[in-house]
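The residues making up each chain are set out below.
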Amino acid sequence: MAIETLYDKDGSLQPLAGKTVAVLGYGSQGHAHAQNLRDSGVTVIVANRADSANGKLAAEHGFTPMPVADAVKQADAVVITLPDEVQPSVYAESIAPNLSDGMSLIFTHGFNIHFKTIEPPAGVNVIMVAPKGPGHTVRSEFERGGGVPCLMAIEQDATGDAADLALAYAIGVGGGKGGTLKTTFAEECVTDLFGEQVVLCGGLSELIKHGFDTLVEAGYPAELAYFETCHEVKLIVDLIVKGGLKYMRYSISNTAEFGDYYTGPKIIDGDTKKRMQAALKHIQDGGFAKAFRDDYEDGFKWFKQQRAANAEHGVESVGKELRAMMPWLSPVEM
């Protein structure tokens, strides 16, 4: 690979020896980081509201959840796994006043550093270790003896050994086994937002909804439309994840592969790519970050309207009924 990738053999946990790591938030990523680090022999404390579901889970896992400010005061390294939108206020109120030179701030996503909604002082290290998988996978792969690949970046090296600390942290959460890829906050942030918006979440959701609507509006049963435009997405994605597009095409019928080449470029074409490029520019120039922050400051009014409207789409209602017929999926309804 062109990007430099590091493994267990390239570093050690020694840079974290004798240090206390405070994990702020015990949600999806936080619970995995805290437990994996502790199991690796690192001293870990957790900040979370004790009376919340995540706080109670932290206590069940043997941690004593405490206020953010108290955790920062005790820590040498502070890991911020809180939602992007709440990080700036928590940083200003509870983290920044308790930082001292030589400490390390560790992020799991580049958003707030790249867009400068958090600006740490010059005396602290600013590090990112971002596992490329959900927290439950980060934890389960670690327990299995493996690890999820991680992205690692150094924005600010105040102590001269930030890279060693970052790699030690990545090794501690399992990234040394899965592979730790060196990047930058900017690269991780922009590519992550682009992928989410254009392909993985935004693009895929719109393809599913429009495909479903097209079939239903043409008079076909909603149940069949759901199976063909939503349910079977997982079958295709699993093949792609396992062996790329080539393996997916090898595994499907000749009819499906022919249709892939014949119709796909008529749906996703050069104009689509131009809109993707415009979306990328909107992310790069901070336009998306501003829209996100502005709506958050306005109580997430637009966001909540979109969530409610999308929950009423036909693909959701018929999907709920069909998933109930397939208990092997372990369906989750919200």
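For the structure itself, consult the block above.
Here goes a summary of the coordinates provided.

**Notes on the overall build of the protein chain**
Helix and strand content of the protein chain: 17 helices and eight strands. A globule of 334 residues ought to have a C-alpha radius of gyration of about 20 Å, and the protein chain, at 22 Å, matches this closely. Its C-alpha atoms give the protein chain principal-axis dimensions of roughly 65 × 45 × 40 Å. Among the 334 residues that make up the protein chain, the fraction classed as buried is 40%. For the protein chain, the share of sequence-separated contacts (at least 6 apart) that also reach a separation of at least 24 residues comes to 66%. With an accessible surface of roughly 18,200 Å², the protein chain has 57% of that area assigned to carbon and sulfur atoms. One finds the centroid of the 29 positive side-chain charges in the protein chain at a distance of 2 Å from the centroid of its 43 negative side-chain charges.

**What about the environment of Ser-104?**
Structurally, the position occupied by Ser-104 is in strand S5 (residues 104-107). Separated by 129 residues in sequence, Ser-104 and Val-233 have C-alpha atoms that sit 41 Å apart. Excluding residues that lie within four positions of it along the chain, Ser-104 makes contacts with Asp-76, Ala-77, Val-78, Asn-125, Ile-127 and Leu-165. Engagement of the side chain of Ser-104 in a polar contact is seen with the side chain of Asn-125, the distance being 3.0 Å.

**A word on the side chain of Glu-85**
By secondary structure assignment, the location of Glu-85 is in the loop between strand S4 (77-80) and helix H4 (87-95). Comment: no salt bridge for buried Glu-85; closest opposite-charge side chain is Arg-293, at 6.7 Å. Setting aside chain neighbours within four positions, we find Glu-85 in contact with Phe-292, Arg-293, Tyr-296 and Phe-300.

**Considering the environment of Ile-283**
Looking at the secondary structure, you find Ile-283 in helix H14 (residues 270-284). Between the C-alpha atoms of Ile-283 and Thr-191, which are 92 residues apart in sequence, the distance is 9.2 Å. Contacts of Ile-283, omitting those with residues within four sequence positions, involve Phe-115, Val-190, Leu-193, Phe-194, Gln-197 and Phe-288.

**Describing the nonpolar core**
Side chains of a nonpolar character, in soluble globular proteins, are inclined to be buried together. In this structure, Leu-24, Val-78, Ile-80, Ile-95, Leu-105 and Phe-107 are the most contacted members of the largest nonpolar core, which totals 29 residues. Elements supplying a minimum of two residues to this core: strand S2 (20-24), strand S3 (43-47), helix H3 (68-74), S4, H4, S5, strand S6 (125-131) and strand S7 (150-156). In this structure, Leu-105 is in contact with Val-78, Ile-80, Tyr-91, Ile-95, Leu-99, Pro-120, Val-124, Asn-125, Val-126 and Ile-127, ignoring residues within four places of it in sequence. Counting residues in each nonpolar core, the second largest holds 28 residues, with Tyr-26, Ile-127, Val-129 and Tyr-169 among its members.

**A short note on unusual backbone geometry**
One non-glycine residue with positive phi stands out, namely Lys-116, at about 60°. Summarising the element assignment, Lys-116 is placed in the loop between helix H5 (111-114) and S6. Positive phi, close to 50°, is recorded for Ser-330, a residue that is not glycine. Structurally, Ser-330 can be placed in the segment after helix H17 (314-323). The class for Ser-330 is exposed, based on a relative accessible area of 55%.

**Quick word on the state of the cysteines**
Within this structure, the stated rule accounts for zero disulfides. Summary of cysteine pairing: Cys-201 is not part of a disulfide, and the nearest cysteine sulfur, belonging to Cys-230, is at 13 Å.

**What about the pattern of salt bridges?**
This structure, assessed with the given rule, holds 15 salt bridges. One salt bridge connects Lys-177 with Asp-8, and the closest N-O pair in it is separated by 3.2 Å. Taken as a pair, Lys-177 in helix H8 (residues 175-178) and Asp-8 in the loop between strand S1 (5-6) and S2 lie far apart in primary sequence, 169 residues in all. Residue Asp-8 is classed as partly exposed on the basis of its relative accessible area of 27%.

**Some remarks on the sheet that holds S2**
Strand order in this open sheet of eight strands is S1-S8-S7-S6-S5-S4-S2-S3, and the pairing throughout is mixed. Where the open sheet ends on each side, the last strands, each with one partner, are S1 and S3. Sheet analysis places S6 next to S7, joined by six bridges and oriented antiparallel. Bridge assignment links Ile-127 to a residue of S7, and that residue is Ile-154.

**A few points about the packing of aromatic side chains**
According to the stated counting rule, one finds eleven aromatic pairs in the structure shown. By way of ring pairs, the aromatic residues Phe-111, Phe-115, Phe-288, Phe-292, Tyr-296, Phe-300 and Phe-303 are connected into one cluster. Over the ring of Phe-63 we find Arg-38; its NZ or CZ atom is 4.0 Å from the centre of that ring. Positioned above the aromatic ring of Tyr-262 is the side chain of Lys-266, whose terminal nitrogen or guanidinium carbon lies 3.7 Å from the ring centre.

**Some details on a nonpolar patch on the surface**
A contiguous nonpolar surface patch, about 340 Å² in accessible area, is contributed by Leu-204, Leu-207, Ile-267 and Ile-268. Tracing the chain through its elements places Ile-268 in the loop between helix H13 (254-267) and H14.

Here is what the cut-offs are and how they apply
Residues numbered from 1 in each chain as written. Predicted model: local features only at pLDDT ≥ 70, side-chain atom pairs only at ≥ 80, totals over all residues. Heavy atoms only, no water. Helix = DSSP H or I, 4+ residues; strand = E, 2+ residues; numbered from the N terminus. Rg over C-alpha atoms; globule rule 2.2 N^0.38 Å. Buried < 20%, exposed > 50% of the residue type's maximum accessible area, 1.4 Å probe, protein only. Contact = heavy atoms within 4.5 Å. Areas by Shrake-Rupley, 256 points an atom, 1.4 Å probe, with all protein chains shown as cover. Lys, Arg positive; Asp, Glu negative; His and termini not counted. Charge placed at Lys NZ, Arg CZ, Asp CG, Glu CD. Polar contact = N/O pair within 3.5 Å; in protein donor to acceptor, adjacent residues only side chain to side chain. Salt bridge = Lys/Arg side-chain N within 4 Å of Asp/Glu carboxyl O. Core = buried A, V, L, I, M, F, W, Y, C linked by side-chain atoms within 4.5 Å. Disulfide = S-S within 2.5 Å. Pairing = 2+ DSSP bridges. Phe/Tyr/Trp six-rings, centres within 6.5 Å; stacked < 30°, edge-to-face > 60°. Lys NZ or Arg CZ within 6 Å of the ring centre and 35° of its normal. Patch = residues over 30% accessible without salt bridge, like charges linked within 9 Å, V, L, I, M, F, W, Y side chains within 5 Å.

So, to be careful, I would describe these as geometric facts and stop short of saying anything about function.
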